[in-house]
Amino acid sequence: MTRPGGQWRNWGRSAHVQPQRGEHPNSTDAERRAVQAAARRGLTVKAVGAGHSFTGIAVAPGVLLDLRELTGVVRVDRERGRVTLRAGTRLHEIPALVAGYSLAMQNLGDIDRQTIAGAISTGTHGTGAGFGGIATQVVGAVLVTADGELLTVDEEHDPDLLPAVALGLGALGVLVEVTLQCVPAFVLHAVDAPGPLADVLDSLPERVADADHFEFYWFPHTEVGLTKTNTRLPKTAPRHPLPRMGRWVDEELLSNGVYSVVCAAGTAVPAVVPPFSRLAVRLTGDREYTDWSHRVFTQHRGVRFREMEYGLAAENVRGAFDRLRALIEERRWRISFPVEVRFAAADDLWLSTAHGRATGYIAVHRYWRENPTDYFEAVEQIMLECGGRPHWGKMHTLDAAALRELYPRFDDFVALRDRLDPTRMFENAYLRRVLGE
């Protein structure tokens, strides 16, 4: 299934490569053959999903394995509520695939364009103090290792490896199948409400603890916090979805159409950013509705951007956020994208940003045509001083020496990598930087 290729670029246009070879496997056997052929030629291999990582984690200078044809359900364990998916299945496809079994994913982020393999491999997460990232829903996986053989990891096969394989950065092999522990289908009652930023920050611990899912956005140059509070309800609860036209106005016309124009204008004339931000918090972020969980968790993001996100011990979020606000004011930057604050439960995954601690996330963004370097590097310094860990799929500058100090199981992961990929078939420049030579 070899096809002539051109230059590969990620969604955020922050990484690109001209691979030596492109493969589009549509089966497990085809994926194995592609890895074995690459080994014979001495080429490296990287699997690519939707390209929604902002780092170079999916850059494939050797063989690019495009997983777009490796999709769909492999099997369903109705009794235990488990669904096995092919690795290239997109998150937005999963609700329809599991709806017939009255199942749903326990939690989702606000973007659902990623493949399931890419989402778990980079530590993608949603929000909710009682819920882990998407990788914590993984109860089994099958991957092709460097020798072209299949490795199955689940509760019956090498269960001690699951905390590494579930969030493996693509460094341990190429995922073929992922088994998720799903939950009974449910709906969410959503309340989006603006409020004085000072009040939101002062009551942050209570808001996080009292809600199933809580997050807030802050547009720089304003004093408003745009809060999102979601309450889980059984699937039998009455649904009151957003009117189609109202949703289109909020999420397409304003949040994508008008916002895209303003971001482009702000690149040329930064002075337009503060008044638009103040207008935006008056026009958006005030609505209440109840709908199926995936329709509440996710939104369409049409404006291209670049992002950096750090996970902090939850109790450090307020201090880091206050320092971020002061930084923007001090540097007199004009930032058109909001800052996003979310939360997640502690977990035991070896390379999870929430490993061993309840976690709060602070994410900063810049329009893709703007240079994010000064902003991101200054924010990163604050996050590091507050004990932060960078999201693996979002922009950061850390290397293996720095990351080893942040992850208690870092050396265990590297040792497993040495065992499964001793020749570094699945390596690229990003993995060399973050995991070491």
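This one's a predicted model, so the numbers in the text were calculated from it and none came from an experiment. (Residues numbered from 1 in each chain as written. Predicted model: local features only at pLDDT ≥ 70, side-chain atom pairs only at ≥ 80, totals over all residues. Heavy atoms only, no water.)

As a packed pair, helix α10 (residues 317–331) and helix α11 (residues 373–385) sit with axes 10 Å apart at the nearest point and diverge in direction by 150°. Comparing the axis directions of α10 and α11 gives the class roughly antiparallel. α10 and α11 meet at a crossing whose hand is right-handed. Here A320, R323, L324, L327, I328 and R331 of α10 lie close against α11, whose contacting residues are Y375, A378, V379, I382, M383 and E385. Taken together, the residues of the contact of α10 with α11 sort by class into nine nonpolar, no polar and three charged. (Axes fitted to C-alpha atoms, helices over the stretch in contact; angles between N-to-C directions. Helix = DSSP H or I, 4+ residues; strand = E, 2+ residues; numbered from the N terminus. Parallel < 35°, antiparallel > 145°, perpendicular 65-115°, else oblique. Left-handed = near helix turned anticlockwise from the far one by under 90°. Contact = heavy atoms within 4.5 Å. Nonpolar A, V, L, I, M, F, W, Y, C, P; charged D, E, K, R; others polar.)

The subject of this paragraph is the environment of T127. By the element assignment, T127 lies in the loop between α3 (116–122) and β9 (138–144). T127 gets classed as buried once you look at its relative accessible area, which sits at 6%. Put simply, T127 and F214 are 87 residues apart on the chain and 6.4 Å apart in space, counted from C-alpha to C-alpha. Those residues in contact with T127 that lie beyond four places of it in its chain are N107, H213, F214, E215, R342 and F343. At 2.7 Å, the side chain of T127 and the backbone oxygen of F214 are in polar contact. (Buried < 20%, exposed > 50% of the residue type's maximum accessible area, 1.4 Å probe, protein only. Polar contact = N/O pair within 3.5 Å; in protein donor to acceptor, adjacent residues only side chain to side chain.)

Before going further, it helps to spend a moment on the sheet that holds strand β14 (residues 213–218). Within the open sheet, the eight strands sit side by side as β16-β13-β15-β14-β18-β19-β17-β20. Their pairing is antiparallel. Only two strands of the sheet have a single neighbouring strand rather than two, namely β16 (287–292) and β20 (389–390). Looking at chain direction, strand β17 (residues 305–313) and strand β19 (residues 359–367) are connected through nine bridges and run antiparallel. Looking at the pairing, E309 lines up with A363 of β19. Contacts between α11 and the sheet are confined to β17, β18 (339–344) and β19, with β17 contributing the most and set at about 10° to the helix. (Pairing = 2+ DSSP bridges.)

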